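Topology and contacts: notes
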Amino acid sequence: MIRALLAFLLLTTPAFAADMSVFVRNQRSDGVALELFSRDSQKVWPGGDKVFLIRPKARKSVPISCEPGERICWGAWVNGDDSVTAGVGPDNDQPCDTCCFICTEHSTETVDLAE
């Protein structure tokens, strides 16, 4: 009976979210918009049809809450011109081998946006 109760509690306890940061260095002379996309679910950060805006030559730390082990990819584009893209792009549909990372509690991932 106790084992059954423990098994039930383990299966019904929600998974905890990990808090991490994404540090974006915009080395471009244009402002950029950036979104983060989960490869394991439908989550998008910041979500709600919003984007992270990073001014030209600026740096910005973006906090996110994600599931430990979740694979996250970034997509960026020139603010106002989504034909100039980096990473997986604004629609999360571009191939990219170097623009994804794994969600890890209390960690920081760096994204460099070059000219």
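Keep in mind the model is a prediction, meaning the values are calculated, not measured. (Residues numbered from 1 in each chain as written. Predicted model: local features only at pLDDT ≥ 70, side-chain atom pairs only at ≥ 80, totals over all residues. Heavy atoms only, no water.)

Quick look at the nonpolar core now. With 25 residues, the main nonpolar core has L34, L36, I64, I72 and W74 as its most contacted residues. Mapped onto this core, the elements with two or more residues apiece are β1 (18-26), β2 (32-38), β4 (52-54), β5 (59-66), β6 (71-78) and β9 (108-113). Among all residues touching W74, those that are not within four sequence positions of it are L34, E35, L36, A86, G87, V88, T98, C99, V111 and L113. (Core = buried A, V, L, I, M, F, W, Y, C linked by side-chain atoms within 4.5 Å. Buried < 20%, exposed > 50% of the residue type's maximum accessible area, 1.4 Å probe, protein only. Helix = DSSP H or I, 4+ residues; strand = E, 2+ residues; numbered from the N terminus. Contact = heavy atoms within 4.5 Å.)

Covered by surrounding structure in β1 are A18, M20, V22, V24 and N26 only, the residues D19, S21, F23 and R25 on the alternate face being uncovered. Judged from the eight bridges that link them, β1 and β5 form a sheet pairing that is antiparallel. Paired with R25 across the strands is R59, a residue of β5. Sheet topology places β1 next to β9; six bridges connect them, and they run parallel. (Pairing = 2+ DSSP bridges.)

Before going further, it helps to examine the confidence of the model for the chain. Per-residue confidence for the chain gives a mean pLDDT of 89, with 87% of residues at or over 70. Within the model, pLDDT remains below 50 along residues 4-13, and this stretch shows zero contacts once partners closer than five positions in the same chain are excluded. (pLDDT = per-residue confidence, 0-100.)

Each disulfide consists of one covalent bond between the sulfur atoms belonging to two cysteines. All chains considered together, the criterion is met by three disulfides. What pairs with C73 in a disulfide is C100, and their sulfur atoms sit 1.8 Å apart. Of note, the bridge from C73 to C100 carries an S-S torsion of about 95° and is right-handed in sense. Separated by 27 residues along the polypeptide, C73 in strand β6 and C100 in strand β8 (residues 100-102) bring together distant segments of the chain. A relative accessible area of 0% means that C73 is categorised as buried. Shown here is the disulfide that connects C96 with C99, its sulfur atoms set 2.2 Å apart. (Disulfide = S-S within 2.5 Å.)

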